[in-house]
Amino acid sequence: MNGRVKVGIIGSQFEADIHAASFQMAPEEAEVVAVASPTPGHAEALAGRYGIPRVFTDYRQMLLEKDIGLVTIAAPNYLHARMTLDCARAGKHVVCEKPLSMTLEEADEMLEVCRREGVLLLYAEELFFTPKYVKAKEMAAQGAFGRVYLVKQSEKHFGPHSPWFWDVERSGGGVFMDMGCHGIAFCHWFLDRSSIRSVYCQMGTYVHRDKTQGEDDSLCILEFENGAVGLVENSWARRGGMDDRVEVHGEGGVTYANLHMGNALPTYSEYGYGYAVEKAPGTKGWSYPVFEELWNYGFPQEMRHFARCVRGKEEPAATGEDGRVVMEALYAGYASAARGGKINLPFRPRNVKKPIDLWLGNPSAG
Ligand SMILES: NC(=O)c1ccc[n+]([C@@H]2O[C@H](COP(=O)([O-])OP(=O)(O)OC[C@H]3O[C@@H](n4cnc5c(N)ncnc54)[C@H](O)[C@@H]3O)[C@@H](O)[C@H]2O)c1
């Protein structure tokens, strides 16, 4: 593809805003020309903030626009598969937000249809682009830690911003589905995509039983083919704003990466100020404001890379296949939490409508 990629965004709220802001930081590669979202006024508001010329309430109308080469999906999880298939059949390359889908069958169909239609299925896992985490991976590749035997990734806050996350019919699960997908993808990527051999999970609903059937805290241990272990910790029950961190342990060394606090300005304010960090409850007293939050996460780098993939300048570094690996581990994790033992992969139970069904109905479930 010659020239800048013309992008359409599906969704207009939290993540859609991040997509729009990120593409705006790569003006030499991409231009967002359209946004589609069903609630009247919402897409207009996003378009107004970022100077996006075309606005749609039905994303399928947006897909009729011939000049759009890439569509990003920033809509609730249960819509990812249907939207991806519609985009692919309209000949658009796709960036799909995490988690890839609700079921493994959907994931397989998404991969198959995108392959058949000759479009890229790019998986929006920004942790592959997070500068601090990329640095840790580069150091591992240079032998800094010797043989890596343990990789930890943890992401925690006090719960999501939108009602659909709390509704397992639309989200597919609680915090493990929502943020465990990041940690699983991260460990798999960090370990050079060594296959996952087994998954063990413990989870519960400790704080938000009034809001959701989903788990609000989860611990997950992954065993990899290369002998290393991944430990993924997630919570919607942790107070104090977003916390995202990584540890890498090898026989020859260790590194600790704290994404937010490590880059923040430890601050005390009697009066408060505008904004500290994602999901922080306030700015009075002690707080840890983060600068260049999107860049620290890697979102602009991720979207620039995806645009360059569409232009044939780079090979995709985060694909639908990565998303599918994560989906299988999510299935295994929920089943493991229900059974109380580790689950060996491959693991492909039939007739699963959403991953959390493998856990709900068990005594440990919320
Ligand atoms: N990569 C990350 O770190 C990250 C962070 C947050 C969210 N996400 C993912 O992004 C996706 C969206 O989450 P969010 O936080 O933006 O949610 P949100 O509730 O803030 O926004 C959802 C958007 O989807 C739109 N939508 C709903 N039904 C639609 C339809 N039929 N057609 C078109 N648009 C529709 C809504 O109007 C809204 O604009 C989810 O899959 C979520 O897991 C990823």
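Coordinates for the structure precede this section.
### Considerations on the site of the ligand
- Near the ligand lie 25 residues; those nearest to it are S12, N77, E126, H161 and S162.
- The contact in question runs from an oxygen atom of the ligand to an N or O atom on the backbone of Q13, over 3.4 Å.
- Interatomic distance of 2.8 Å between a side-chain N/O atom of W164 and an oxygen atom of the ligand.
- Only helix 1 (14-24), helix 4 (80-89) and helix 7 (163-166) provide two or more residues apiece to the shell around the ligand.
- Along the lines of polarity and charge, the residues of the shell around the ligand split into 12 nonpolar, 9 polar and 4 charged.

### A word on the sheet that holds strand 2 (residues 30-36)
- Ordered by their spatial adjacency, 6 strands build an open sheet running 3-2-1-4-5-6, and the pairing between neighbours is parallel. At either end of the open sheet lies a strand with only one pairing partner, and these are strand 3 (54-56) and strand 6 (121-124). Recorded for the sheet is a direction-independent mean angle of 25 degrees between the axes of neighbouring strands.
- With 3 bridges joining them, strand 2 and strand 3 adopt parallel strand pairing. Paired with A34 across the two strands is R54, which belongs to strand 3.
- Where helix 2 (residues 42-50) meets the sheet, its contacts fall on strand 2 and strand 3, and the angle it forms with strand 3 comes to roughly 160 degrees.

### Details of the packing of helix 5 (residues 104-117) against helix 12 (residues 320-339)
- Between helix 5 and helix 12, whose axes approach to 9 Å, the crossing angle comes to 170 degrees. On the basis of their axis angle, the class for helix 5 and helix 12 is roughly antiparallel. Contact residues: L104, E105, A107, D108, L111 and R115 in helix 5; G320, E321, R324, M327, E328 and Y331 in helix 12.
- The residue inventory of the contact of helix 5 with helix 12, partitioned by class, reads 5 nonpolar, 1 polar and 6 charged.

### Observations concerning the packing of aromatic side chains
- Considering all chains together, one arrives at 11 aromatic pairs under this definition.
- Between F129 and F306 the ring centres are 6.0 Å apart and the planes differ by 75 degrees, which places this aromatic pair in the edge-to-face class. Pair noted here: F129 is in the loop between strand 6 and helix 6 (131-141) and F306 is in helix 11 (residues 299-310), with a separation of 177 residues, a long-range link. Like F306, F129 is buried.
- Residues W164 and F165 carry aromatic rings whose centres are separated by 3.8 Å and whose planes lie at 25 degrees to one another, so their mutual orientation is stacked. Here W164 and F165 have matching classes, each one buried.
- By way of ring pairs, the aromatic residues F128, Y133, F186, W189 and F190 are connected into one cluster.
- In this structure, K137 packs its charged tip against the face of W189, placed 5.3 Å from the ring centre.

The rules behind each value
Residues numbered from 1 in each chain as written. Predicted model: local features only at pLDDT ≥ 70, side-chain atom pairs only at ≥ 80, totals over all residues. Heavy atoms only, no water. Near = heavy atom within 4 Å. Polar contact = N/O pair within 3.5 Å; in protein donor to acceptor, adjacent residues only side chain to side chain. Helix = DSSP H or I, 4+ residues; strand = E, 2+ residues; numbered from the N terminus. Nonpolar A, V, L, I, M, F, W, Y, C, P; charged D, E, K, R; others polar. Pairing = 2+ DSSP bridges. Axes fitted to C-alpha atoms, helices over the stretch in contact; angles between N-to-C directions. Contact = heavy atoms within 4.5 Å. Parallel < 35°, antiparallel > 145°, perpendicular 65-115°, else oblique. Phe/Tyr/Trp six-rings, centres within 6.5 Å; stacked < 30°, edge-to-face > 60°. Buried < 20%, exposed > 50% of the residue type's maximum accessible area, 1.4 Å probe, protein only. Lys NZ or Arg CZ within 6 Å of the ring centre and 35° of its normal.

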